[in-house]
Number of protein chains: 2
Amino acid sequence: MSLVEPAVSTPEPLQRFPVSAEPAAPAGDAVRGSVEVELALRHAGSQRVRLAWEIQGAAEAPVVLVAGGISAHRHVASSATFPERGWVQGLAAAGRALDPAHCRILAFDYVGADGRLDAPIDTADQADAVAVLLDALRIPRLQAFVGYSYGALVGLQLAARHPRRLERLVAVSGAHRAHPYAAAWRALQRRAVALGQLQCADLQGLSLARQFAMLSYRTEEEFGERFDAPPEIVNGRVRVAAEDYLDAAGAQYVARTPVTAWLRLSESIDLHRIDPAAVRVPTTVVAVEGDRLVPLSDSVALVEGLGRRGRLRVLRSPYGHDAFLKETDRIDALLRSALHNEGDAA
Amino acid sequence: MSLVEPAVSTPEPLQRFPVSAEPAAPAGDAVRGSVEVELALRHAGSQRVRLAWEIQGAAEAPVVLVAGGISAHRHVASSATFPERGWVQGLAAAGRALDPAHCRILAFDYVGADGRLDAPIDTADQADAVAVLLDALRIPRLQAFVGYSYGALVGLQLAARHPRRLERLVAVSGAHRAHPYAAAWRALQRRAVALGQLQCADLQGLSLARQFAMLSYRTEEEFGERFDAPPEIVNGRVRVAAEDYLDAAGAQYVARTPVTAWLRLSESIDLHRIDPAAVRVPTTVVAVEGDRLVPLSDSVALVEGLGRRGRLRVLRSPYGHDAFLKETDRIDALLRSALHNEGDAA
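For clarity, every value in this text was computed on a predicted model and none was experimentally measured. (Residues numbered from 1 in each chain as written. Chains lettered and ligands numbered in written order. Predicted model: local features only at pLDDT ≥ 70, side-chain atom pairs only at ≥ 80, totals over all residues. Heavy atoms only, no water.)

Draft legend 1. Layout of the overall build of chain A. Counting its secondary structure elements, chain A contains 11 helices and 10 strands. On C-alpha atoms alone, chain A measures out to a radius of gyration of 20 Å, which is about the 20 Å that the 2.2 N^0.38 rule sets for 346 residues. In terms of overall dimensions, chain A has a C-alpha envelope of 70 × 40 × 40 Å along the principal axes. Put simply, chain A has 346 residues, and 62% of those count as buried. Contacts in chain A between residues far apart in sequence, at least 24 positions, make up 74% of those at least 6 positions apart. Charge separation in chain A, taken as the distance between the mean sites of 38 positive and 41 negative side-chain charges, equals 4 Å. (Helix = DSSP H or I, 4+ residues; strand = E, 2+ residues; numbered from the N terminus. Rg over C-alpha atoms; globule rule 2.2 N^0.38 Å. Buried < 20%, exposed > 50% of the residue type's maximum accessible area, 1.4 Å probe, protein only. Contact = heavy atoms within 4.5 Å. Lys, Arg positive; Asp, Glu negative; His and termini not counted. Charge placed at Lys NZ, Arg CZ, Asp CG, Glu CD.)

As structure tokens, this is what we get:
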């Protein structure tokens, strides 16, 4: 995962992705690089940040930017060059709507994901970073921006602030604002980190925060099926069936996530607020019924605000907010329809 | 609240509530007392515990025991003798189904609520405590046991273990088992306390636990209406609209709750598991659609298991699990029907 691996430094990324001149890379091959840029942040002035990116797929093919949750990164799926599994492995593969043989798939590490920027980060800042990155890579326009969760928020900002940089947007499990209940849930996760930090137990705090987040990402339906065993009494304390799973989820997360990165990106979700009418590109909103963080009513409000440019697709999944990581076939079918449908009113 | 007020000690509570001999207390008057008993706990051997009780209402009238959530206590509603507000003030009042002019309303502090018992406590233990308390007060049989949340679990255990001690049961927002998702949620609250206890920040831990619990007691619907203001940046940190409310909820709770009491009663909910077929009295199950802790599917499973003895009433409320504290008129109407309906098959 890129947060712990040093990025391959590419001092001249532009040479690798000229607009039309370079020989085609082999299909399925991928390139990584990074670019240092000065970014004017909405809440924290001008900051020098490094944008780490990866692109895979057929040279010359249209570019789709894929952006995930706050824990996602530039490595979307395995390739010959970078064979490790990506964070959305099954959705960027041969035969899928995002097939590296037919498109180039671009992704980047969010501003703040390296933990070096300890300041409020807005989703508008991420969108500005995307525009700068596209300049650096000489990509005038994306065929599409596909955003899941936090990525959907960034995509909405991009479509509002830099509408000429994308033909269309697919916003999965994200809306025009953080819902107040979800915001409260995240604020308490940040308080868990703060409680840990009180006593130099930063990692325990982050682990607990992640465990609480897991409950918001999943549903009672899934927990009911997976963790129906009776509780045990261990060393005089009650231990419920899901605790092994939660322990593992917390430990795995703290091993790869800088505390500051998590705090600032968690905050960033709550800073997100955009007028749907300001989104100026055709947008497919994918909502998951049962998502505990993004209620269907907010997705409906977003689509209403989009007017003729918006369309809504609703999925019912026991995985709730995490459906995009789990319901590969169904999400792929929605993507195919969203990316290839010509019926959009521009 | 009785957890911080010393209970009025009544060495001989039996003299106050003989089966039929004493002169009637004035309507609306109330008596408190406590009794020390030896209780065989399911998971912690025999323990000496003090049962603190309060009863109000017309002498000679039939007795209804009212039991609430783990933070409830023996003071249900104000009376001439104890004028402070009770925890379910509006439901035990003149003109209500539970009218002190027509019934005696009994309540007690849960075993463990004083924080002196640091051991796993089962809902079966609480039911056994109720039976012992009824013996001490010479109440052979309750007209009804009305339990909300944790009180519903205790009522189900009483109806299974001591069916002759109650004519009927009303179980509101509680089922035959802790749902695995709700159990995970509570386990993480206990972890927040443990994180605080790492370095003597017990109260901060309990406060955070309570704040997390508040999210499970309420709904996104309510938060969406109350806390829709945009976030602020305070001292470089994002602060969302619900945080003032959550701060207050945490502070108020730690001021009145011993940490050990909370931990052991929270565990107790997760230890709860009962075979609905073992419940041997007519039971009205009241479920709230939108309750994040007790899914409707569990209430339905409970009622199915109760067979001819069970009936289900469903309420839709933006207050979720806390509906019983908020939807006074609607709960009262359900109580009236449950307590006075003669249609139950015994």
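Right, picking up where we left off after that structure.
Draft legend 2. Summary view of the interface of chain B and chain A. Taken together, the 56 residues of chain B in the interface contact 56 residues of chain A. Buried area between chain B and chain A, both sides added, is near 4800 Å², and the carbon and sulfur share of it is 63%. Where chain B touches chain A, the interface holds 12 salt bridges. Notably, a salt bridge pairs Asp118(A) with Arg237(B), separated by 3.9 Å at the nearest N-O pair. Counting across the interface, chain B meets chain A through 19 residue pairs in polar contact (both at pLDDT 80 or more). Considering every element that reaches the side of chain B that touches chain A, the biggest residue donor is helix α4 (residues 180-197) of chain B, with 13 residues. (Buried area = accessible area lost by both parts, 1.4 Å probe. Salt bridge = Lys/Arg side-chain N within 4 Å of Asp/Glu carboxyl O. Polar contact = N/O pair within 3.5 Å; in protein donor to acceptor, adjacent residues only side chain to side chain.)

Draft legend 3. Representation of the UniProt feature "domain: AB hydrolase-1" (unreviewed entry) in chain A in the model. Under the local residue numbering, the UniProt record ascribes the feature "domain: AB hydrolase-1" (unreviewed entry) to residues 64-327 of chain A. Counted over residues 64-327 of chain A, helix gives 41% and strand 14%. Its end C-alpha atoms are 20 Å apart. (UniProt positions renumbered as here; feature names shortened; annotations may be inferred.)

Draft legend 4. How the structure looks around the pattern of salt bridges. Scanning all chains against the criterion turns up 61 salt bridges over all chains. The partner of Asp332(A) in a salt bridge is Arg96(A), with the nearest N and O atoms 3.6 Å apart. Here Asp332(A), found in helix α11 (residues 328-340), pairs with Arg96(A), found in the loop between β3 (63-67) and β4 (104-108); they are 236 residues apart in sequence, far enough to count as distant. We classify Arg96(A) as partly exposed; its relative accessible area is 22%. Several salt bridges share partner residues, and in doing so they unite Arg191(A), Arg239(B), Glu243(B), Asp244(B) and Asp247(B) into one network.

Draft legend 5. Structural detail: unusual backbone geometry. The phi torsion at Ser173(A) lies on the positive side, around 60°, for a residue other than glycine. In this structure, Ser173(A) sits in the loop between β6 (169-172) and α4 (180-198). Non-glycine residue Ser149(B) carries a positive phi angle of around 55°. Structurally, the position occupied by Ser149(B) is in the loop between β5 (144-148) and α3 (150-161).

Draft legend 6. Structural context of the sheet that holds strand β2 (residues 45-57) of chain A. Residues and elements named next belong to chain A. Judged by pairing direction, the sheet is mixed, and its eight strands sit side by side in the order β1-β2-β4-β3-β5-β6-β9-β10 without closing on themselves. Every other strand in the sheet has two partners, leaving β1 (30-41) and β10 (310-316) as the edge strands with one partner each. Strand-to-strand twist of the sheet, defined as the mean angle between neighbouring strand axes without regard to direction, takes the value 20°. Each of β1, β2, β3, β4 and β5 (144-148) is contacted by helix α2 (residues 123-136), which is oriented at about 125° to β1, the strand it contacts most. Packed on one face of the sheet, helix α3 (residues 150-161) meets β3, β5 and β6 and runs near 145° to β5. (Pairing = 2+ DSSP bridges. Axes fitted to C-alpha atoms, helices over the stretch in contact; angles between N-to-C directions.)

Draft legend 7. Up close: the relation of the copies chain B and chain A. In the superposition of chain B on chain A (RMSD 0.1 Å, axial shift 0.0 Å), the rotation amounts to 180°. Taken together, the rotation and translation relating the two chain copies correspond to the operation of a two-fold axis. (Least-squares fit on C-alpha atoms with pLDDT ≥ 70 in both.)

Draft legend 8. Here's a closer look at a nonpolar patch on the surface. All names here are of chain A. Residues Leu 296, Val 300 and Val 314 make up a contiguous nonpolar surface patch of about 190 Å² in total accessible area. Structurally, Leu 296 is set in helix α9 (residues 296-306). The exposure class of Leu 296 is partly exposed, given its relative accessible area of 31%. (Patch = residues over 30% accessible without salt bridge, like charges linked within 9 Å, V, L, I, M, F, W, Y side chains within 5 Å. Areas by Shrake-Rupley, 256 points an atom, 1.4 Å probe, with all protein chains shown as cover.)

Draft legend 9. Expanded view of the environment of Ile55(B). Residue placement: Ile55(B) occurs in strand β2 (residues 45-57). With 25 residues separating them in the primary sequence, Ile55(B) and Ala30(B) have C-alpha atoms 5.5 Å apart.

Draft legend 10. Broad picture of the packing of helix α5 (residues 202-217) of chain A against α4(B). Two elements in contact, α5(A) and α4(B), have axes separated by 10 Å at closest approach and are oriented at 165°. The pairing of α5(A) with α4(B) is recorded here as roughly antiparallel in orientation. The interaxial crossing formed by α5(A) with α4(B) has left-handed handedness. Judged by residue contacts, Gln204(A), Gly205(A), Leu208(A), Gln211(A), Phe212(A), Leu215(A) and Ser216(A) of α5(A) engage Tyr181(B), Ala184(B), Trp185(B), Leu188(B), Gln189(B), Arg191(B), Ala192(B) and Leu195(B) from α4(B). Broken down by class, the residue content of the contact of α5(A) with α4(B) amounts to nine nonpolar, five polar and one charged. (Parallel < 35°, antiparallel > 145°, perpendicular 65-115°, else oblique. Left-handed = near helix turned anticlockwise from the far one by under 90°. Nonpolar A, V, L, I, M, F, W, Y, C, P; charged D, E, K, R; others polar.)

Draft legend 11. Structural detail: the sheet that holds strand β3 (residues 63-67) of chain B. Residues and elements named next belong to chain B. With mixed pairing, the eight strands of this open sheet are ordered in space as β1-β2-β4-β3-β5-β6-β9-β10. At either margin of the open sheet sits one strand with a lone partner, and together these are β1 (30-41) and β10 (310-316). Here the strands of the sheet are splayed against their neighbours by 20° on average, with no regard to which way each runs. Where β2 meets strand β4 (residues 104-108), five bridges bridge the pair, whose relative direction is antiparallel. Counterpart to Gly 57 in the pairing with β4 is Arg 104. The strands touched by helix α2 (residues 123-136) are β1, β2, β3, β4 and β5; relative to β1, the strand with the most contacts, the crossing angle is about 125°. Packed onto the sheet, α3 meets β3, β5 and β6 (169-172) and runs at close to 145° relative to β5.

Draft legend 12. Inspection of helix α9 (residues 296-306) of chain B at higher detail. All names here are of chain B. Among all positions of α9, only Asp 298, Ser 299, Leu 302, Val 303 and Leu 306 are buried. Considered in projection along α9, the buried side chains sweep an arc of 135° and stay on one side of the axis. Of the residues in α9, the exposed ones pointing more than 90 degrees away from the buried face are Ser 297 and Glu 304. (Arc of directions from axis to C-beta.)

Draft legend 13. The arrangement of the packing of aromatic side chains in detail. Under the criterion given, the structure shown has 20 aromatic pairs over all chains. Measuring from centroid to centroid gives 6.2 Å for Trp87(A) and Tyr148(A), while their planes differ by 85°, and the two rings are edge-to-face. Here Tyr148(A) lies in strand β5 and Trp87(A) lies in the loop between β3 and β4, a separation of 61 residues in the sequence. Taken as a pair, Trp87(A) and Tyr148(A) share a single burial class, namely buried. Ring pairs connect the aromatic residues Tyr181(A), Trp185(A), Phe223(A), Phe227(A), Tyr245(A), Tyr181(B), Trp185(B), Phe223(B), Phe227(B) and Tyr245(B), which therefore count as one cluster. (Phe/Tyr/Trp six-rings, centres within 6.5 Å; stacked < 30°, edge-to-face > 60°.)

Draft legend 14. Fine view of the pairing of β2(A). All names here are of chain A. Sheet topology note: the β1/β2 ladder contains 12 bridges and is antiparallel. Residue pairing in the sheet places Leu 39 in a bridge with Gln 47 of β2. Joining the antiparallel neighbours β1 and β2 is a turn of three residues.

Draft legend 15. Region of the structure containing the environment of Arg210(A). Residues and elements named next belong to chain A. Examined against the element boundaries, Arg 210 turns out to sit in helix α5. A relative accessible area of 14% places Arg 210 in the buried class. Considering only alpha carbons, one finds Arg 210 and Phe 145, 65 residues apart in sequence, at a separation of 27 Å. Every residue in contact with Arg 210, bar those within four places of it in the chain, is listed here: Ser 71, Tyr 217, Ala 249, Gly 250, Tyr 253 and Arg 256.

Draft legend 16. Representation of the confidence of the model for chain A. All names here are of chain A. On average, residues of chain A score 91 in pLDDT, and 90% of them reach the 70 mark or higher. Taken together, the stretch residues 1-28 has pLDDT below 50 and engages in 54 contacts with residues farther than four places along the chain or on a different chain. pLDDT under 50 marks residues 342-346. Its contacts with residues more than four places away, or in other chains, come to nine contacts. Scoring of the predicted complex yields 0.90 for pTM and 0.89 for ipTM. (pLDDT = per-residue confidence, 0-100.)

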